[in-house]
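Breakdown of the fold
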Amino acid sequence: MRKRIFSVLLVMCLCLSSIGALAYDYHYPDWTALTIGQTEIEENKHYLINESGNITTDGASVENYNIFYENNTLTLNNAVLTSGIYAPGGTTINLLGTNVSGSEDNKVSIGIQTFSSGSITITGTGYYDVYTKNEGIATVYADNGNSRSDIIIEGGTLDMHGASISTRYGGLTITGSAKVTAGAISTGGNPNPDNGGDEAQIARDIVIAGNATVTATSISNLQKIIIKENSQVTVVNPSRIAISGERGIEISDNATVNATGYGSALNSFNGSISIGGTVTATNTEVPTTSAAGTTGSAAVSTVGSITVTGQLTISSKFAGMWTTGTGNIIIDGGTVEMENIPYGLLTRMGGASSGGDISITNEASVTITGAAMGTFPQGASTLTVDSSTVEIEATDWGLYWPGPMTLKNSTVICTTNYKAIGTNNAISYQYPDGYIFLAGDTADAAQEIGQSEQTAHLNDKYVKITPVTVPVTGITLNQTALSLTVGGTAQLTATVSPENASNKAVTWASSAESVATVDASGN
């Protein structure tokens, strides 16, 4: 039965289609000045919106206005609009108070759209709700010289009520203290446009940064998606990939991402995925085969890799992380937790001669529970666990790795119903101070196994490999006595013995802080 399952896995393909970036049927109005509906908004004039929804200058003043336009900045001040805003590229929209375009019963054709090359920038501290039949915010023209056709949201609280925010050619940045709720957020239109242009090269990255908060049904583009600094992103989509960056996804710093998608939560077909910050990735259904964090597709070989340096929590209907081609899975000092998934870490050859490698290093922690198999590679790739901890609970194999496997100064625990560790090669054990190998049917029944018999016991249901702990025998200081004047400082250095002690960390403290203080470095 297991042989048949493995054969099926080897021919599986990731048949997820890239998200259609834009659903809006773009139109190109012949406006030459900023217009709301059919009303041209003149510079240096204040406007009010009357009870009929008409825009008028009657009664408007510096102290009493809903709309004001000056120096390419349109200020909305408690404006209730019944039509869309058509603005020249390069316009800034400043939000004051509570503003709205349309209503649930009377939706506008669009929230904001440019009618020439250049960016739309949204700032301010106010609110902006959009009820539209099409896009919430869109730029549709290509760059013109130094005029970039981007969407930049730097402030305000925006709610598109399910509508999209998209730029056909430019980039999209959400930063500062902006709070954005939308449907699809995307850059780049058709990757194969009829006019022969390459929109994938014209379009730019999606960047979410600063203290921005974004909630969407999908985030997708033909370039990279970059989420960084202190931003918070939530994407939930029961019918498609949640976050898809054609040429990669980068999550870093203190960013927090919660992505739930159909088939995949984080996906890049032609790039790499790097995960810092705190990320939760969930896929709710499996169309054919998919993973909560995948890079590349089975139809096209890619060298894209998945790198985790932050904290990643995964729940998946198929695999936790899956690379195709020679793409590697690199967990470098990060923490990965997976629960109740069929397959944890999976690498697949695709069109390459071998699958990617897996490395877990630099005090990384990987915990996989409730899996069928903890790891599953295709091809003679390598698995390296260095100075890290891997713990797997599985119904089938714990670590299944037919290629070279290296364990270096790490703790590996596999609890299974079948075989703990499967490999076609001798494991390279690199433990300078030695290691302890326990094996048996259960943890309670496990016994220490000598080196000559360890290979035969890899297929026990339970295997635990841990470094030998070298205890600390003493600590000496570079100075035994020290005299300082008031306000004076000195550097103390602690030497831990023996040199190969397993834990050489030193905690500094003063027994009389009213006399002398010490910091974490001994100063």
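Conventions used here
All chains use their own residue numbering, which begins from 1 and follows the written sequence. Only residues with pLDDT of at least 70 get local features here, since the model is predicted, and only at 80 or more are side-chain atom pairs given and counted; chain-wide, interface and lining totals rely on the full set of residues. Only hydrogens and water are removed before side-chain values are computed, so all heavy atoms of the structure are retained for them. Helix and strand assignments follow DSSP, with helices taken as H or I runs no shorter than four residues and strands as E runs no shorter than two, numbered in order from the N terminus. Between buried and exposed lies partly exposed: a residue is buried under 20% and exposed over 50% of the maximum accessible area for its type, with that area taken using a 1.4 Å probe on protein chains only. Note on definitions: a residue-residue contact is assigned when non-hydrogen atoms from the two residues lie within 4.5 Å. Here the open area of atoms and residues is found with the Shrake-Rupley method and a 1.4 Å probe, where only the protein chains shown may cover a residue. Just to be clear on terms, a salt bridge is a Lys or Arg side-chain nitrogen sitting within 4 Å of an Asp or Glu carboxyl oxygen. Exposure above 30% relative accessible area and the absence of a salt bridge qualify a residue for a patch, where like charges join within 9 Å and nonpolar side chains (Val, Leu, Ile, Met, Phe, Trp, Tyr) within 5 Å. Geometry of aromatic contacts follows a simple scheme: Phe, Tyr and Trp rings, the Trp one being its six-membered ring, pair when their centres are within 6.5 Å, and the pair is stacked under 30 degrees between planes, edge-to-face over 60, tilted otherwise. In these notes, a set of buried Ala, Val, Leu, Ile, Met, Phe, Trp, Tyr and Cys residues joined through side-chain atoms within 4.5 Å is what counts as a nonpolar core. On a range of 0 to 100, pLDDT expresses the predictor's confidence in each residue. Each pair of strands is called paired provided DSSP finds at least two bridges between the two strands.

**A closer look at the overall build of the protein chain**
- Along the protein chain, the regular secondary structure elements total three helices and 53 strands.
- Relative to its full complement of 523 residues, the protein chain shows a buried share of 50%.
- Looking at the protein chain alone, contacts between residues at least 24 apart form 57% of all its contacts between residues at least 6 apart.
- By element, 46% of the accessible surface of the protein chain is carried by carbon and sulfur atoms, the whole surface being about 22,800 Å².

**Regarding the pattern of salt bridges**
- Scanning all chains against the criterion turns up four salt bridges.
- For Glu 42, the salt bridge is made with Lys 45, and the minimal N-O distance between the two is 3.1 Å.
- Judged by its relative accessible area of 38%, Glu 42 falls in the partly exposed class.
- Note that Lys 107 and Glu 104 form a salt bridge whose closest N and O atoms lie 3.9 Å from each other.
- According to the relative accessible area criterion, Glu 104 is exposed, its value standing at 51%.

**Description of a nonpolar patch on the surface**
- A cluster of nonpolar residues, Val 472, Ile 475 and Val 506, forms a patch on the protein surface that exposes about 230 Å² of accessible area.
- Within the element layout of this structure, Val 472 appears in the loop between strand E51 (462-467) and strand E52 (474-477).

**Description of the environment of Arg 247**
- Along the chain, Arg 247 turns up in the loop between strand E26 (243-245) and strand E27 (248-251).
- Its relative accessible area of 31% is what places Arg 247 among the partly exposed residues.
- Counting along the chain gives 21 residues from Arg 247 to Ser 268, while the straight-line C-alpha distance between them is 6.2 Å.

**Here's the deal with the side chain of Thr 361**
- Its place among the elements puts Thr 361 in strand E39 (residues 358-361).
- Given a relative accessible area of 19%, Thr 361 falls into the buried group.
- Apart from residues lying up to four places away in sequence, Thr 361 is in contact with Ile 331, Asp 332, Gly 333, Asp 386 and Ser 388.

**Considering the packing of aromatic side chains**
- Per the counting criterion, the structure on display carries seven aromatic pairs.
- Pairing Tyr 65 with Phe 68 gives two aromatic rings, centres 6.3 Å apart and planes at 65°, and the pair type is edge-to-face.
- We classify Phe 68 as buried; its relative accessible area is 15%.
- Here the aromatic rings of Tyr 431 and Tyr 435 are separated by 5.0 Å at their centres, their planes lie at 45°, and the arrangement is tilted. Each member of the pair, Tyr 431 as well as Tyr 435, carries the same accessibility label: buried.
- Ring-pair connections join several aromatic residues into one group, and the members of that group are Phe 318, Trp 322 and Tyr 343.

**Quick look at the nonpolar core**
- In this structure, Ile 67, Ile 153, Ile 219, Ile 243, Met 321, Ile 331 and Ile 421 are the most contacted members of the largest nonpolar core, which totals 96 residues.
- For Ile 331, the contacting residues outside a window of four places in its chain are Val 308, Met 321, Val 336, Leu 345, Ser 359, Ile 360, Thr 361, Ala 364 and Val 366.

**Comments concerning the environment of Gly 333**
- Considering the arrangement of structural elements, one finds Gly 333 in the loop between strand E36 (329-332) and strand E37 (335-339).
- A residue is classified by how much of its surface remains accessible, and Gly 333, at 31% relative accessible area, is partly exposed.
- With 28 residues separating them in the primary sequence, Gly 333 and Thr 361 have C-alpha atoms 6.0 Å apart.
- The residues touching Gly 333, leaving out its near neighbours within four places in the chain, are Thr 309, Thr 361, Asn 362, Glu 363 and Ala 364.

**A few points about the confidence of the model for the protein chain**
- Looking at the protein chain as a whole, its pLDDT mean stands at 85, while 86% of the residues score no less than 70.
- Scored below 50 in pLDDT, residues 1-25 makes 65 contacts in the model with residues more than four places away or belonging to other chains.
- Ignoring residues within four places in sequence, the model shows residues 296-302, a span with pLDDT below 50, making 28 contacts including any to other chains.

**Section: the environment of Thr 175**
- With respect to the element layout, Thr 175 can be found in the loop between strand E18 (172-174) and strand E19 (179-181).
- The spacing of Thr 175 and Ile 152 is 23 residues in sequence and 7.9 Å in space, taken between C-alpha atoms.
- With residues near it in sequence (within four places) discarded, Thr 175 still touches Ile 153, Glu 154, Gly 155, Ala 209, Gly 210 and Ala 212.

**Considering unusual backbone geometry**
- Unlike most non-glycine residues, Asn 71 shows phi in positive territory, near 50°.
- Summarising the element assignment, Asn 71 is placed in the loop between strand E5 (67-70) and strand E6 (73-77).
- Given a relative accessible area of 63%, Asn 71 falls into the exposed group.
- With a phi angle near 60°, Asn 362 is a residue other than glycine that sits in the positive phi range.
- Positionally, Asn 362 belongs in the loop between E39 and strand E40 (365-371).

**Remarks on the pairing of E40**
- For E37 and E40, the ladder comprises five bridges, and the chain directions are parallel. Looking at E40, one finds that Val 336 is bridged to Val 366.
- Note: E40 against strand E43 (residues 389-394), five bridges, orientation parallel. Counted as the bridge partner of Ser 365 is Thr 389 from E43.

**Notes on the side chain of Ser 119**
- Here Ser 119 lies in the loop between strand E11 (112-114) and strand E12 (120-124).
- By relative accessible area, Ser 119 is classed as buried at 13%.

**What about the pairing of E5?**
- Bridging between strand E3 (residues 45-49) and E5 involves three bridges; their strand directions are antiparallel. Residue pairing for E5: His 46 is matched across the bridge by Phe 68.
- By the bridge criterion, four bridges tie E5 to E6 in an arrangement that is antiparallel. The partner of Ile 67 across the bridge, within E6, is Leu 76.
- Adjacent in sequence and paired antiparallel, E5 and E6 are bridged by two residues, among which Asn 71 carries a positive phi angle near 50°.

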